[in-house]
Amino acid sequence: MSTERHEIKMFTPTTIVLLIMMAVGAVSVFKRMTLGLGATTNLQDDFPWGFWIGFDVLGGVAMAAGGFVIASTVYLFNMKKYKPIARPAILTAFLGYVLAASGITLDIGQPFRIWHPIVMWQIQSIMFIVAIHVVLYTTVLGMESSPMFFERIGLKGVQRFVEKIMMPIALFGTLLSTLHQSSLGAVYLIVPDKLHPLWYSSLLPFSFLVSAVMMGLSMVSFESILSSKFFKHQANMGILSGLARGSIIAIGFYFVLKMFVLFKGPGLAAAFDGSMEAKMYLLEMGIGIIAPLLLLLVPTVRSNINSILLVNSLVIIGIVINRMNVALFGMLRHAKARGVEYFPTINEFMVTLFLVAVGLFLFKFACKYFNVLSYEEVKQ
């Protein structure tokens, strides 16, 4: 990849749209912080986790999995071919975790107590494990992203020092992210009577981890292709094809895992009983697993940038649907039986759009003013 930072125009029509979304969303964030959850969301005591947890947190953290996938590939397995995409992948993960942490802050009843888990340890609580992993891994991602900052302000010595110790940092980050991705699935092990059998399983933590690797590979590839189109630099087809081959393995393994869980649990008939849950399950499987896997098995698809972009889009949408199924759609039947109805308010949607817009704007800002895309090209 090669592009000059000054060639990226900051104030384009796309950026203006992002700024408008941020301004409108900021109003919704202000309302939530001043009026509380009850006045601005449809969340309630019998249904405390909704759209924000499903999309912003579970979906957002899965999208950030590309950071640990690429960091481990480059710094632990020494696959230098993928070094040019290490910085954008890690930066995306860092922004993703910061925004996911912001989403958690907005979702809890007392947002100004978000710091409590750092000093008030409850080591027997899965929620504490999730919280401390977010804090530690966000810190690690900040360290992994710091060389581009030190390079920008001229602290070359500090930059070289951080790059020299990048292997142990990446190792610690991979360990944390592996635990964190699986711990998000482990959270839902506490609701066996609420979550529909199509998704509830003792293997839910492992399922979350494997699907996060899927999402990570696709998200990094998706981001690389879009940045090449928007920022006018040449995409590396060798890297994209390699990521596509890795996706075949990850998607194939995830498909086998999902089939094992299905047959061991509710059985095949449950996926075709015509219920809302069955339809959402089939949608998730069709869009996020079966279609991408079949497409990637065709060699010409793996060598065409637009085809790879399509596959990446399908995987991302499919995993987001999976997280929404676990966090939201798989819970609705139990909630309705208790007389509880939930559908996100406009305010909930606007807060999510705000977080997405902030993430996109910050990534573009970083690409403009830091050496993100034009990083070292490694010749093989």
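Residues numbered from 1 in each chain as written. Predicted model: local features only at pLDDT ≥ 70, side-chain atom pairs only at ≥ 80, totals over all residues. Heavy atoms only, no water.

### Concerning the overall build of the chain
Scanning the chain from terminus to terminus reveals 16 helices and zero strands. Radius of gyration (C-alpha) of the chain: 21 Å, near the 21 Å computed for a compact globule of 380 residues. With the C-alpha coordinates aligned to their principal axes, the bounding extent of the chain is approximately 60 × 50 × 45 Å. Relative to its 380 residues, the chain shows a buried fraction of 54%. Contacts spanning at least 24 positions in sequence make up 81% of the contacts within the chain whose residues lie at least 6 apart. Of the roughly 17400 Å² of accessible surface on the chain, a fraction of 70% belongs to carbon and sulfur atoms. (Helix = DSSP H or I, 4+ residues; strand = E, 2+ residues; numbered from the N terminus. Rg over C-alpha atoms; globule rule 2.2 N^0.38 Å. Buried < 20%, exposed > 50% of the residue type's maximum accessible area, 1.4 Å probe, protein only. Contact = heavy atoms within 4.5 Å. Areas by Shrake-Rupley, 256 points an atom, 1.4 Å probe, with all protein chains shown as cover.)

### A closer look at unusual backbone geometry
Positioned with a positive phi, Asn 78 is a non-glycine residue whose angle comes to about 55 degrees. By secondary structure assignment, the location of Asn 78 is in the loop between α4 (66–76) and α5 (86–107).

### Section: the environment of Leu 282
Here Leu 282 is to be found in helix α12 (residues 276–296). Here the alpha-carbon distance between Leu 282 and Ser 207, two residues 75 residues apart in the chain, equals 17 Å. In this view, Leu 282 contacts Ala 271 and Phe 272; residues no more than four positions away in its chain are not counted.

### A few points about the packing of helix α3 (residues 51–63) against α5
Packed helix pairs are specified by the crossing angle of their axes together with the interaxial distance, meaning the distance between the axes. The contact between α3 and α5 brings their axes to 9 Å, and the two run at 155 degrees. Taken together, α3 and α5 sit at an angle that is classed as roughly antiparallel. The hand of the α3/α5 crossing is left-handed. Between α3, through Trp 52, Ile 53, Asp 56, Val 57 and Val 61, and α5, the contact on the second element is made entirely by Tyr 97, Ala 100, Gly 103, Ile 104, Leu 106 and Asp 107. Classifying every residue of the contact of α3 with α5 gives eight nonpolar, one polar and two charged. (Axes fitted to C-alpha atoms, helices over the stretch in contact; angles between N-to-C directions. Parallel < 35°, antiparallel > 145°, perpendicular 65-115°, else oblique. Left-handed = near helix turned anticlockwise from the far one by under 90°. Nonpolar A, V, L, I, M, F, W, Y, C, P; charged D, E, K, R; others polar.)

### Examining the packing of aromatic side chains
Tallying each qualifying case throughout the model produces 12 aromatic pairs. Pairing Trp 121 with Phe 128 gives two aromatic rings, centres 5.5 Å apart and planes at 45 degrees, and the pair type is tilted. Taking relative accessible area as the criterion, Trp 121 reaches 54% and is therefore assigned exposed. Centre to centre, the rings of Trp 199 and Tyr 281 are 6.2 Å apart; their planes meet at 65 degrees, and the pair counts as edge-to-face. Highlighted residues: Trp 199 in the loop between α9 (166–187) and α10 (204–230) and Tyr 281 in helix α12, separated in sequence by 82 residues. Relative accessible area serves as the criterion here: at 2%, Tyr 281 is assigned to the buried category. A network of ring pairs unites the aromatic residues Phe 51, Phe 55, Phe 343 and Phe 349 as a single cluster. (Phe/Tyr/Trp six-rings, centres within 6.5 Å; stacked < 30°, edge-to-face > 60°.)

### Quick word on helix α1 (residues 13–35)
The terminal C-alpha atoms of α1 lie 33 Å apart, and with 23 residues this matches the ideal 33 Å at 1.5 Å per residue to within 8%. Contacts from the buried residues of α1 go to α2 (37–40), α3, α5 and α16 (346–369). Among the residues trailing α1, Gly 36 stands out with phi positive, at a value near 95 degrees. (Expected span 1.5 Å × (residues − 1).)

### What to know about the pattern of salt bridges
All told, the structure shown has five salt bridges when counted by the stated rule. Where Lys 258 meets Glu 284, a salt bridge forms, and the shortest distance between an N and an O atom there is 2.8 Å. You can see Lys 258 sitting in helix α11 (residues 237–264) and its partner Glu 284 sitting in helix α12, a full 26 residues away along the chain. With relative accessibility at 2%, the residue Glu 284 sits in the buried group. Two residues, Glu 277 and Arg 333, come together in a salt bridge whose shortest N-O distance is 2.7 Å. Placement of Glu 277 in helix α12 and of Arg 333 in helix α15 (residues 332–337) is noted, with a sequence separation of 56 residues between them. Judged by relative accessible area, which is 2%, Glu 277 ranks as buried. Note on Arg 333: relative accessible area 48%, which makes it partly exposed. (Salt bridge = Lys/Arg side-chain N within 4 Å of Asp/Glu carboxyl O.)

### Details of the confidence of the model for the chain
With 97% of its residues at a pLDDT of 70 or more, the chain has an overall mean of 92. Contacts for the low-pLDDT stretch residues 1–6, under 50 throughout, to residues beyond four places or in other chains number 19 contacts. Across residues 376–380 the pLDDT falls below 50, and counting only partners more than four positions away or on other chains, this stretch makes 10 contacts in the model. (pLDDT = per-residue confidence, 0-100.)

### Digging into the nonpolar core
Counting residues in hydrophobic clusters, the biggest one holds 99 residues, and the most contacted among them are Ile 70, Tyr 75, Tyr 188, Leu 195, Leu 243 and Tyr 281. Ranked by residues supplied to this core, first place goes to α11 with 11 residues. With residues near it in sequence (within four places) discarded, Leu 195 still touches Tyr 188, Tyr 200, Leu 204, Asn 325, Val 326, Gly 330 and Met 331. In terms of nonpolar packing, the next biggest core, distinct from the first, is built from 11 residues, Leu 91, Phe 231, Ala 366 and Leu 373 among them. (Core = buried A, V, L, I, M, F, W, Y, C linked by side-chain atoms within 4.5 Å.)

### Observations concerning the packing of α10 against helix α14 (residues 305–327)
Direction vectors running N to C along α10 and α14 enclose 140 degrees, while the axes themselves pass 8 Å from each other. Classed by the angle they form, the pair α10 and α14 counts as oblique. Regarding α10 and α14, the two cross each other, and that crossing is left-handed. For the contact of α10 with α14, the residue count by class is 16 nonpolar, eight polar and two charged.

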